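Coordinate analysis (summary)
Residues per chain are reported as follows:
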Amino acid sequence: MTAPEGDLLHTVTADNIPEARRRFGKAIVWGSALLVVALAVWQMAYETGRVASGFETWRPVLYAYMLWATALCAAQVIVNGEKGKRTLFVLPAALFVISLVVFPLLFALYISFTDWNLASPNGPQPNGWDNMREMWNDGFYWNALKNMVYYVLAVSVEYVIAFGLALLLNAQIRARKFFRVVFLLPLMLSPVAVSWMIGKSMLEIRFGPISRVLREMGVEPSFFGSPEIARFWIMAMDAWTFIPFMMIMLLAGLQALPREVIEASKVDGATGWQSFREVIFPLMLPVSVTAIVIRIIFKLKLADIIINVTSGGPGGATDSVTSFIFREYRDRSNVGYGTLLAMVYLVLIVIFVTLLLKVVSRWMERPA
Amino acid sequence: MTAVFKDHDADNRVKTKWWASRIAIYAALLTWAVICLFPIFWTITTSFKLAPDVMKGNLIPWVDFTPRWKGWESLGLSPRLIGEVSTVREEFLKRFWNSTIVSISASTLAVVMGSLAAYGLSRFSYRFGFMRNSDISFFFLSQMILPPVVLALPFLVLYKSLALLDSRVGLILLYTLMVLPIVIWIMRDQFQGIPVELEEAALVDGLGIWGAFLQIVLPIALPGMVAAFILSLVLCWNEYFFAALLTATNATTLPVMVASQTGSQGINWWSMAALSSAAILPLVIVAIFLEKYIIKGMAAGAVK
C-alpha cells in the first residue's frame, strides 16, 4: 500500500474563522466532556455509598458520552472549517471503534487480574498473578490451544478444495450461474443451523442418512466417540460452510488473470497441468495468500459449531479456545479467569497473525 | 499440434480427451453440488416428515413418504393453524423480528459509518497524532482479528451497568463493531476505483466535499455498498456467540432459539427441522436473488 503524500482530492479553502466561533467550538467539547466526568464521578460515588442519591444505572453517563461524541464531531467543523469537514468522514467510525474496543479492552485487562466470579457475592477482588498460575496448570486450556493448531492446519485442505472448485467454475461450463449459486449456499447458513442440520441430524447415530450409508457399507458409525473422528467432523462442518468464501475470492482472482499470458503458455505447448503449475498458480499467489490469511483469521474465532454439537467433547478433544472460555463462563460464571484466558489468547493471536503477515508478505507481490 | 483432420487418428485422440475432461468436470461439479444441497434438502424435507418416516429413512417426498405439516404445526405455521392464535408462533415471530431488526440496523449503521471512513481514507490524508492514513486503515482492519470472546465478558459487565443487557440496542452496537472492518475493507476498494476527476469537476461546479460525496460518488458506489450491506446482513443474521451471552428473553435472536431447542427431551426431528428451515430460508432466498452482489463484495478485497 503506498500512501500518497497530501490529499488525493485537493480543495481550495479560504477559511476565516472568527475567534469567537473557535472558542464556542472548544467550549462545547470541554463542556460536554466535563459533564461526562462529573456524571461518572457522581455515579461512582453513589455506587460506593458516598452520595445518597444517584441514578439506577449508568445510562445517563452513556447519554452524556454520546453528547460529547456529537459535540466533538460538530466542533471539528466549527473550529477547523473546511479541514474539519474532511475529518468528519473518519471521525464517527474512529470514535465508535475506540469507544467499543479500547475501553472494554482496558476494562478486560483489569478483570483478568481479579478473582471475579459472578456467583460470588463480594464482587471483583484483585488477585495478582493467581489467574496466570491457574492457567499455567490448566491442561484443558493448553489442549484447546493445541486443537486450534489442528483447526488452523485444516485450512490448507480447505484451500485445495476451494481452489479446485474455483478452477471448475472458471472452466468452460454450462449453467455456470446455477453452480455458482449452489456452491455459495452453505456460506449463507448460520453455524447454529448447520450444527443442527448436519451435526445433530444427518450424523445422528440411528437414523441419520450418513449413518445409514456407513451401515450399508458395513461400518458401525460413531462420529463423536473418538477424539480424532470427532475433530474431523467439526473440521468438515466448518469447512463445508466456509469453503465457498475462499472459493469466491479465488474465482475472482482467476477471472482477473491476464488472458494473454495463459494463451501464450498454451501456444508454447504447455499441457494443462504445466500451465497451471508454471503460470496460473504463481500468478494466483497474492490472491491465495489473502484468502488463506482471512480464512485463518475467521478460523481463530471458531466456536458456534463446537458449542452446539459436541460442547468440546469427548474429553475436550474438539474444544476451541472460544468454546472453552464460553463454557468457563456459562457453567462456572468464572468471569475473571475466563477473561484472562481470552486476553492471553488475544496476545497469542496478535503475535501469530503479525508473524504470519511478515512471512507471507513476500508472496503478496505479483511475480514479474 | 499435428494437423487435425476429421476421422484422423490424432483427431480422435483429441476428441476422446476432450470428452473425458468434460465428463470429469461435470462429475466433479455435480458431486459438489450434491454435497452443498443435500443438507438443505434433508432439513426441508425432514420438516414435513412424521416420526416413522424419519426412522425408516424415507428420503423423497411424495414417493417415499407423504409430506405432513406436523413440523410446521409445532411452530404454528401450518395452513390449519395460520388463522388461529398460537403462542409458539408468536414466540417464533418475535425471535424472527429481533433477528431482522438487529441485523438490518447493524448493517445499515456499519455501511454508513464504514463508507464515510473508507471514502475519507481514500481521498484525504489525515494526521491524528502519530497516526497517518495507513495506520488508521490498519487500525480499522485490525479489528477483524479481535476474537469475540475477548470482548464478550467486558461487554457483559458493561451492559449490565448500562442496562443494555438483553436489549436489541446492545446487540446492534456489537454487531456493527463486528462487521465494520469488513465494510471498510470492501468500500475502500470501491472508492479507490472511482476517478478523483469526477469530484474535482463537481467541486469546480460549486459543490462542497460533502455535496460531491453525496451527489456524485455515492450513486456510483451504490452497488459496492449493497454488496457490503448484504455481506454484513449475512454475518449479523447468523451471529450466535454474542447473542447467546448477552440476551436472555427479550432480545433473543433466531440462532439462539435454534440452539436452545436441541437440549430439551431428546430431539424433535420435525420441529427442529422446521425451525432450522425457517432460520435459513431468508438467507437462501437472498443468496439466490442477490448472488451477484455477494460475490462482488467478497471479491472486492481479493483482487487489487
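Moving on to the overall build of chain B. Per the secondary structure count, chain B includes twelve helices and zero strands. Along chain B, helices and strands appear, N-terminal first, in the series α-α-α-α-α-α-α-α-α-α-α-α. Its C-alpha atoms give chain B a radius of gyration of 26 Å, clearly above 19 Å, the size a compact globule of 304 residues would have. Based on the C-alpha atoms only, the size of chain B along its principal axes is roughly 80 × 70 × 35 Å. By the burial criterion, 45% of the 304 residues in chain B qualify as buried. Here the analysis covers contacts within chain B between residues at least 6 apart in sequence; of these, 72% occur between residues at least 24 apart.

What follows covers the overall build of chain A. Per the secondary structure count, chain A includes 14 helices and zero strands. Its helices and strands in sequence order give chain A the pattern α-α-α-α-α-α-α-α-α-α-α-α-α-α, from N to C terminus. Computed over C-alpha atoms, the radius of gyration of chain A comes to 28 Å, more than 25% over the 21 Å expected from 2.2 N^0.38 for 368 residues, which places it beyond the range of a compact globule. Taken over the C-alpha atoms alone, chain A extends approximately 75 × 60 × 35 Å along its principal axes. Looking at chain A residue by residue over its 368 residues, the buried ones come to 35%.

Residue and element names in this part refer to chain A. The domain architecture assigned to chain A consists of domain 1 (14-112) and domain 2 (138-365). Measuring from the centre of the C-alpha atoms in domain 1 to the corresponding centre in domain 2 gives 42 Å. Across the side of domain 1 that touches domain 2, the residue classes break down as three nonpolar, one polar and no charged.

The next subject is unusual backbone geometry. With the exception of glycine, most residues fall at negative phi, and the peptide bonds are largely trans. Residue and element names in this part refer to chain B. Not every positive phi belongs to a glycine, and W62 is a case in point at roughly 70 degrees. In this structure, W62 sits in the loop between α2 (51-56) and α3 (70-73). Positive phi is not limited to glycine here, since D166 has a value of about 60 degrees. By the element assignment, D166 lies in the loop between α6 (148-162) and α7 (168-192). On the basis of neighbour count, D166 is assigned to the partly exposed category, with 16 C-beta atoms found within 10 Å.

Before going further, it helps to examine the interface of chain A and chain B. Each partner contributes residues to the interface: chain A has 82 residues there, and chain B has 83 residues. Ranked by the residues each element gives to the side of chain A that touches chain B, the list is headed by helix α3 (residues 82-111) of chain A, at 14 residues. Broken down by class, the residue content of the side of chain A that touches chain B amounts to 62 nonpolar, eleven polar and nine charged.

Counting through the fold element by element, L67 of chain A comes out in helix α2 (residues 59-80). Expressed as a C-alpha distance, the spacing of L67 of chain A and A33 of chain A, which sit 34 residues apart in the sequence, is 8.7 Å.

With that settled, the discussion passes to the nonpolar core. Within the largest apolar cluster, 171 residues are counted, with the highest numbers of intra-cluster contacts made by A93, M247 and L250 of chain A together with A117 and V183 of chain B. Summarising the domain contributions, this core has at least three residues from each of domain 1 (14-112) and domain 2 (138-365) of chain A. Residue contacts for L250 of chain A: discarding those within four places in its chain leaves A162, F163, A166, V287, S288 and A291 of chain A.

What follows deals with helix α1 (residues 19-47) of chain A. Residue and element names in this part refer to chain A. Helix length check: α1 (29 residues) gives 42 Å between terminal C-alpha atoms against 42 Å at 1.5 Å per residue, within 8%. Every buried residue of α1 is listed here: G25, S32 and Q43. Each element contacted by the buried residues of α1 is listed here: α2. Looking one or two residues beyond α1, the residue adopting positive phi is G49, at roughly 90 degrees.

Turning our eyes to something else, we now look at the environment of F155 of chain B. Mapped onto the elements of the fold, F155 of chain B is located in helix α6. Among residues more than four places away in sequence, those in contact with F155 of chain B are P104 of chain A together with L174 and L246 of chain B.

To continue, consider the environment of L218 of chain B. All names here are of chain B. Tracing the sequence through the fold places L218 in helix α9 (residues 209-238). For L218, a count of 13 C-beta atoms within 10 Å corresponds to the partly exposed category. Along the sequence, L218 and S99 sit 119 residues apart, while their C-alpha atoms lie 28 Å from each other.

A separate point is the confidence of the model for chain B. Residue and element names in this part refer to chain B. Scored by pLDDT, chain B has a mean of 85; 95% of the residues are at 70 or more. The spread of mean pLDDT over the elements of chain B runs between α2, the lowest at 78, and helix α4 (residues 87-123), the highest at 92. Overall fold confidence (pTM) sits at 0.89, and the ipTM for the predicted complex is 0.88.

Bringing the packing of helix α6 (residues 176-188) of chain A against helix α1 (residues 9-46) of chain B into the picture now. In a pair of packed helices, the angle between the axes and the distance between the axes together describe the arrangement. For the pair α6 of chain A and α1 of chain B, interaxial distance at closest approach is 9 Å and the crossing angle is 45 degrees. Judged by the inter-axis angle, α6 of chain A sits oblique to α1 of chain B. Relative to α1 of chain B, α6 of chain A is oriented so that their crossing is left-handed. Only L29, W32, A33, C36, L37 and I40 of chain B of α1 of chain B make contact with α6 of chain A, whose side of the interface consists of F179, V182, F183, L185 and P186 of chain A. Classifying every residue of the contact of α6 of chain A with α1 of chain B gives eleven nonpolar, no polar and no charged.

Moving on to the packing of helix α5 (residues 139-170) of chain A against helix α9 (residues 227-255) of chain A. Residue and element names in this part refer to chain A. In contact at an axis separation of 6 Å, α5 and α9 are set at 45 degrees when each is read in the N-to-C sense. In this view, α5 runs oblique relative to α9, as classed from their interaxial angle. Of the two possible hands of crossing, α5 and α9 adopt the one that is right-handed. Classifying every residue of the contact of α5 with α9 by side-chain character gives 19 nonpolar, three polar and two charged.

The rules behind each value
Residues numbered from 1 in each chain as written. Chains lettered and ligands numbered in written order. Predicted model: local features only at pLDDT ≥ 70, side-chain atom pairs only at ≥ 80, totals over all residues. Helix = DSSP H or I, 4+ residues; strand = E, 2+ residues; numbered from the N terminus. Rg over C-alpha atoms; globule rule 2.2 N^0.38 Å. Buried ≥ 20, exposed ≤ 12 C-beta atoms within 10 Å, placed from the backbone. Contact = placed C-beta atoms within 7 Å. Domains from an automatic or database assignment. Nonpolar A, V, L, I, M, F, W, Y, C, P; charged D, E, K, R; others polar. Core = buried A, V, L, I, M, F, W, Y, C linked by C-beta atoms within 7 Å. Expected span 1.5 Å × (residues − 1). pLDDT = per-residue confidence, 0-100. Axes fitted to C-alpha atoms, helices over the stretch in contact; angles between N-to-C directions. Parallel < 35°, antiparallel > 145°, perpendicular 65-115°, else oblique. Left-handed = near helix turned anticlockwise from the far one by under 90°.

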